[in-house]
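Structural characterization, general
What follows is each chain in one-letter form.
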Amino acid sequence: MADAKHADFKIAIVGAGPGGLSAAAQAAAAGIPHVLLESTPALANTIQRYQKGKHVMAEPSRLPLRSPLPFEVGTRERVLERWAEGAKSSKMNLRYKAEVAAITGAIGAFRLELKGKETITAERVVLAIGLQGNPRKLGVPGEEPRTVHYTLDDPADHSGETIIIVGAGDAAIENALALAEANSVVLVNRKDEFSRAKEGNLTAILRAIEKRQIECFYNASVAKIVSGRNSSGKPCIVTLNTARGAAELPTDLIIARLGAVAPRAFVEACGIRFPNDEPDAIPLLKHNYESNVPGIYVIGALGGYPLIKQSMNQGYEVVEHIRGNRVKPADHDLLAEKFAVLGANTEVNITLANLQRAVPLFSHVNPLQFRELMLESTVHRPAAGSVVFEHNDYTNTLYAIFSGTVEVSAGPKRIPIKRGSFFGEMGLLSGRRRTATVLAGEDCVLVEVPRRTMNKLIASNTQVKRLIDEAFIARAVQSRFAPNTPDAVLKQVVAGAQLHTYPAGAVVFSEGDDGDRLHLVRSGSLTVSRQSRNREVVVSYVPAGKYVGEMGLLGGTKRSATVRAAVATETVSIDAAGFALLMQHEPGLREQMQAEMRQRLAANARMEAQPDTGDILSFLMAQGLGEATDVLLIDESLCVRCDNCETACAETHQGTSRLDREAGPTFANVHVPTSCRHCEHPHCMKECPPDAIHRSPNGEIFIADNCIGCGNCERNCPYGVIQMASVPAPQPPIWQWLLFGRGPGPGEHKDPNADPLATKKAVKCDMCSGLKGGPACVRACPTGAAIRIRPERFQQLGDAD
Amino acid sequence: MQRLHFSFLEYRRSRFLWVAVLITVAALIAYARDDAGEPPSGGTTLGYALGILGALLILWLLAYGLRRRSYHASWTTAQGWLSAHVYLGLALVVIVTLHTGFQFGWNVHTFAYALLLLVVASGCWGVWAYLQLPRLITDARGGLTRADMAQQILELDRRALTLARAVSMDVHRWVSSAIEGARTSGGAWAQLRAKDMSTMVIDRNGTAASVPNVDQYTLTELLADLTSRASDAKLASQLQDLLALVSAKVTLMQRMRRDLRLQGLVEMWLLFHVPLSLALLAALIAHVFAVLYYW
């Protein structure tokens, strides 16, 4: 390049994580003048922050690695060690403690200003800074690496020390609890409560503070740190500003867990644009990872690729692109394999472009993101007339029609869906059963997108979200109320429809309000309650797919009940005018609604006459069962506490019971034990790195064998039903155990020779999906106390007496 | 609207009650209409038939113990088996009574019959316990698990010791000996009576003596006495705090003993039912063997 001599380097790579290291190694191998700038004193900061001995996975396992650096499954230490060796042997130009403060200039002559006034120039810049950001510092006099840490490597490294932990989030609390076992721990909280902590951590820390295992200063901060010799024998004296004035504490170590400075502001300051303000938005990138700023490339987690192997591949590819070499991405063969079902021998990139063009929903997605989406999706070519999914299945993927048509079989009617459209959004959004059976038409090619991939796309792309919402509203209205109404009228009604989001406990409408809208529950659930004899009585529970508020529309009267969100809930509302239009065009709708209203009024009156039932319903809702799909309930008036349910669970699940019969609250003899309730939108699925948690067509949430044991699901489950358990040792045939004493024998699930540090995997209730006859806990209960039920049947509770 | 939970007696609309009634009525009719030309006994044709039916029923009833532990069994439920076990067990009494032809004597046959009655009687006790006691257990627990109770007691002990140390060495000695001597359960009998076997050590005329400390009575008396004589306000208030901790512990320990007592009662009948059942099996074998041998 002509201006090469004006710049110090051809490529400046920012961030020595997997992507940055791989890029630098490739640049070094190709003999390109380059520099790798790392703000911290060590490489791969995010992975350094993993806990000691953590098992690092090499997902997606089918994707080949292309990088001059080695990487394979192993412990954190082993992975880091091999990278350090690789960085050394590749002779890359790596600079530690070089934090980039700003990037200015343009392609051919970028200026990277480092903290500490130095400036580096480069023709191209590769941003590989990840998403973790830099840890927020205390910013007080005396803060130095020896006394202030921003992570805790291994709690077992400390004992008998005085340790100050600053922060009020989950990281601070978890560190404090882990260290308090063998150290004197002081927690410094800038606020007067722990508002950001997860429920489990909150309970644990408050208990530890109450028991004086941990001393906590609220409304306090660190003022200064003085290191060096002092009379206390501790390496430093920390001055705290507390609510009651300054306090001096002789201290061994300060751990600051104040979160991180998100990198987005820095990235935007470089001129890179994000499509929206969502926190997980991803910058718009071209197929060669170049951003909207020519010459600045983005790879790795910041570009939407959180997995190590992907980042490393991109590091290699981005350097090759800059060199002007055309490289087929590493996933090329995987995609070619996926597209083989299409028959035509078309180039992968062209097929991708065709797919994207054929389906308007995907036309708003950037090509890289679409490629990623296709990698996780499946291409189907079902025979005409075959079933795509069945009514009442619990699957939750979204299908797009690339060619041909499908037919939705709703009752006796068959509604066609055309090429380019999509379906399955109801199951995806509500987390409930499929509302109809879908049959494939002639020459039909479908793309099935998994739930997680689709949710990620919806969250990061407003246009995709809008299209899906609109389709959901139109189809929900059509299938619920107006299968025969002409499309033009339907469009008018949908235009007046609104989407509402309610946090748990929020009021949708109150008794006595003017009734002007009908709410169809899209996800979550609602409770209906009425004032009766000066107290509020819950009279019914409305799950996703059902609606409330029709009484107000039919009679045009005041609301007869208060409706609240039982859990985080979304509804679609139709206004009175729209509904009147529907009733005008849909014969029989008014009569149908009146009949349903009559039934509901009668049921409400019965419930009101039995306030106990309403109280039980409120109790169950307070336990978060509004988001359950199947829950274990024990009638304590029948339970003889024999724990045969737990034994049965352990015996059918490798020795670990997935239910705790005794734990959990009880109300009016209805006991909710600690056991999975198979939520509509499972919290455990949220941050599963290998995407190992799924819902089976029968509805149960299960953890697949590719669980990496990271424990995210255990922490994310608000109901504490997931445990980390050792992988059971295989049992030899029983005669070997009898004759030669080879273990483990029957009932002995622990292998005495097992490595106590071996990876534990997450285990939870799978509703005994492998067993005929249903859950073992229920079948083993001799007295009939244990049952598993769907929440729709809650209202039957309490009718006993 | 219908209920969600059904007890084992109501299982599937009590279908096994009807099965049992049917068998019983059939046996009674056959017995009433039997005209074998000899007095009714186990030796008539009907007697043999009833005997075989009874023996098969006994074996099947015993199999419940195995079924309850067959956790992979898929096409029946433990509840269904228990329901059938109870009703058919009751029907067995009628069948076997008819089998005897009311001919009793001091022999192995009548012994087996008596054992059967005891087994069924202990089973009835079990039915009563299963239906009546669970509610009482729930009430006794007051929403706490046993681990919660133990945890709370430990916590009260810890606070009491800290406070006692601040008061005086004597008080600390009392409190710690009362903690050491605290018992939530003794032997089986003490457990069933929920009797407090706690003790503590006091200083009596210069020698240490272990005395009963039922419901922490001794400790409470000692502390109350000291409180009434306390000269300064701080000491008095510390002692009163200590008394409050002790009485909180007494409440928890009573609750725990009541819970253990009920749990003991729920399980106690099994201590009779199971060994008697096995004895019955042995007696049944002896009975059948004797009948066939002396034929």
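Residues numbered from 1 in each chain as written. Chains lettered and ligands numbered in written order. Predicted model: local features only at pLDDT ≥ 70, side-chain atom pairs only at ≥ 80, totals over all residues.

**Comments concerning the overall build of chain B**
- When helices and strands are tallied, chain B shows nine helices and two strands.
- When its helices and strands are written in sequence order, chain B yields α-α-α-α-α-α-α-β-β-α-α.
- Relative to the compact-globule value of 19 Å for 295 residues, chain B shows a C-alpha radius of gyration of 29 Å, a clear excess of over 25%.
- Dimensions of chain B along its principal axes, counting C-alpha atoms only, are 95 × 55 × 30 Å. (Helix = DSSP H or I, 4+ residues; strand = E, 2+ residues; numbered from the N terminus. Rg over C-alpha atoms; globule rule 2.2 N^0.38 Å.)

**Some remarks on the overall build of chain A**
- Along the backbone of chain A there are 22 helices and 43 strands.
- The globule rule puts the C-alpha radius of gyration for 801 residues at 28 Å, and the 30 Å found for chain A is close to it.
- If one aligns the C-alpha atoms of chain A with their principal axes, the spans along those axes are about 80 × 70 × 65 Å.
- With 801 residues in all, chain A has 42% of them scored as buried.
- Restricting the contact set of chain A to residue pairs at least 6 apart, pairs at least 24 apart contribute 70%. (Buried ≥ 20, exposed ≤ 12 C-beta atoms within 10 Å, placed from the backbone. Contact = placed C-beta atoms within 7 Å.)

**Quick notes on the sheet that holds strand β13 (residues 214-217) of chain A**
Residues and elements named next belong to chain A.
- Read from one edge to the other, the open sheet built from five strands follows the order β10-β17-β11-β12-β13, with strand pairing classed as parallel. Edge strands, defined here as strands with exactly one partner in the open sheet, are β10 (148-149) and β13.
- Here strand β12 (residues 184-188) pairs with β13 via four bridges, running parallel. Bridge pairing in β13 links Val188 to Phe217.
- Sheet strands touched by helix α4 (residues 170-180): β11 (162-166), β12, β13 and β17 (253-256). Its angle to β12, the strand with the most contacts, is close to 165°. (Pairing = 2+ DSSP bridges. Axes fitted to C-alpha atoms, helices over the stretch in contact; angles between N-to-C directions.)

**Some points on the packing of helix α8 (residues 217-229) of chain B against helix α9 (residues 233-293) of chain B**
Residues and elements named next belong to chain B.
- At their nearest, the axes of α8 and α9 sit 9 Å apart, and the two run at 160° to each other. Between α8 and α9, the angle falls in the class roughly antiparallel. Between α8 and α9 the crossing geometry is left-handed. Facing Leu219, Thr220, Leu223, Ala224, Leu226 and Thr227 of α8, the residues of α9 in contact are Ala236, Leu239, Gln240, Leu242, Leu243 and Val246.
- For the contact of α8 with α9, the residue count by class is nine nonpolar, three polar and no charged. (Parallel < 35°, antiparallel > 145°, perpendicular 65-115°, else oblique. Left-handed = near helix turned anticlockwise from the far one by under 90°. Nonpolar A, V, L, I, M, F, W, Y, C, P; charged D, E, K, R; others polar.)

**With respect to helix α10 (residues 367-376) of chain A**
- Listing the buried residues of α10(A) in full gives A:Leu368, A:Gln369, A:Phe370, A:Glu372, A:Leu373 and A:Met374.
- Looking at the buried positions of α10(A), the neighbouring elements they touch are α8 (332-339), α9 (348-358), β27 (445-449) and α12 (451-460) of chain A.

**Structural notes on the sheet that holds strand β21 (residues 387-389) of chain A**
Residue and element names in this part refer to chain A.
- A sheet is described by the order of its strands in space; here four strands give the open sequence β21-β26-β23-β24, paired in antiparallel fashion. Sheet topology places β21 and β24 (413-417) at the edges, where each strand pairs with a single neighbour. Averaged over all neighbouring strand pairs, the angle between strand axes comes to 35°, with direction disregarded.
- In this sheet, strand β26 (residues 437-440) lies alongside β21 in antiparallel orientation, the contact comprising two bridges. Bridging from a neighbouring strand, Val387 pairs with Leu439 of β26.

**Some thoughts on the nonpolar core**
- Core analysis: the largest hydrophobic core is formed by 156 residues, its most contacted members being A:Ala400, A:Leu446, A:Val477, A:Leu526, A:Cys777 and A:Ala786.
- Per-element tally for this core: the top contributor is helix α3 (residues 78-100) of chain B, with 12 residues.
- In this structure A:Val477 touches A:Ala482, A:Leu490, A:Val493, A:Val494, A:Ala497 and A:Ile574, once residues within four positions along its chain are discounted.
- Within the second largest apolar cluster, 56 residues are counted, among which are A:Leu21, A:Leu36, A:Ile103 and A:Tyr289. (Core = buried A, V, L, I, M, F, W, Y, C linked by C-beta atoms within 7 Å.)

**Considerations on the confidence of the model for chain B**
Residues and elements named next belong to chain B.
- Across chain B, the average pLDDT comes to 92, with 99% of residues at or above 70.
- The spread of mean pLDDT over the elements of chain B runs between helix α7 (residues 188-193), the lowest at 83, and α3, the highest at 96.
- This complex was scored by the predictor with a pTM of 0.76 and an ipTM of 0.92. (pLDDT = per-residue confidence, 0-100.)

**Some words on the pairing of β27(A)**
Residues and elements named next belong to chain A.
- For β27, a buried count of four out of five residues is recorded, marking the element as mostly surrounded by other parts of the structure.
- In the sheet, strand β20 (residues 378-380) pairs with β27 via three bridges, with the strands oriented antiparallel. If you follow His380 over to β27, its bridge partner there is Leu446.
- Bridge analysis of strand β22 (residues 398-403) against β27 gives five bridges, and the strand direction is antiparallel. Of the residues in β27, the one forming a bridge with Ile401 is Leu446.

**As for the environment of A:Thr501**
Residues and elements named next belong to chain A.
- Residue placement: Thr501 occurs in strand β28 (residues 498-502).
- The exposure class assigned to Thr501 is partly exposed, which follows from the 13 C-beta atoms found within 10 Å.
- It is 5.9 Å that separates the C-alpha atoms of Thr501 and Thr569, two residues lying 68 residues apart in sequence.

**Observations concerning the environment of A:Arg480**
All names here are of chain A.
- Inspection of the secondary structure puts Arg480 in helix α13 (residues 462-480).
- A residue is classified by how many C-beta atoms lie within 10 Å of it, and Arg480, with 18 of them, is partly exposed.
- Linking Arg480 and Thr437, residues 43 residues apart in sequence, is a C-alpha distance of 15 Å.
- Beyond its immediate sequence surroundings of up to four residues, Arg480 is in contact with Leu520 and Tyr547.

**Brief notes about the interface of chain B and chain A**
- Each side of the interface is counted separately: chain B has 27 residues, and chain A has 33 residues.
- Elements with a contribution of two residues or more to the side of chain B that touches chain A: α3, α4 (108-141) and α9 of chain B.
- For the side of chain B that touches chain A, the residue count by class is 13 nonpolar, 11 polar and three charged.

**Side note on the environment of A:Glu320**
Residue and element names in this part refer to chain A.
- On the secondary structure map, Glu320 appears in helix α7 (residues 308-322).
- Along the chain, Glu320 and Ala30 lie 290 residues apart, while their C-alpha atoms are 9.1 Å from each other.
- In contact with Glu320, other than residues within four places in its own chain, are Asn325 and Val327.

**A closer look at unusual backbone geometry**
- Unlike most non-glycine residues, A:Asn219 shows phi in positive territory, near 45°.
- When you line up the elements, A:Asn219 lands in the loop between β13 and β14 (221-227).
- The backbone of B:Ser14 shows a phi angle near 55°, a positive value even though the residue is not glycine.

**Quick look at α9(B)**
- Relative to the 90 Å expected for 61 residues at 1.5 Å per residue, α9(B) spans 89 Å between its end C-alpha atoms, a close match to the ideal helical length.
- Taking the largest bend as the criterion, α9(B) deviates by roughly 35°, centred on B:Val266. (Expected span 1.5 Å × (residues − 1). Bend = angle between axes of the 7 residues up to and from the residue.)

**Some words on the packing of helix α14 (residues 487-495) of chain A against helix α16 (residues 576-585) of chain A**
Residue and element names in this part refer to chain A.
- For the pair α14 and α16, interaxial distance at closest approach is 9 Å and the crossing angle is 160°. Relative to α16, the element α14 is oriented roughly antiparallel. Crossing of α14 over α16 shows left-handed handedness. Across from Val489, Gln492 and Val493 in α14, the residues of α16 making contact are Gly578, Leu581, Leu582 and His585.
- Its residues assigned to classes, the contact of α14 with α16 comprises four nonpolar, three polar and no charged.

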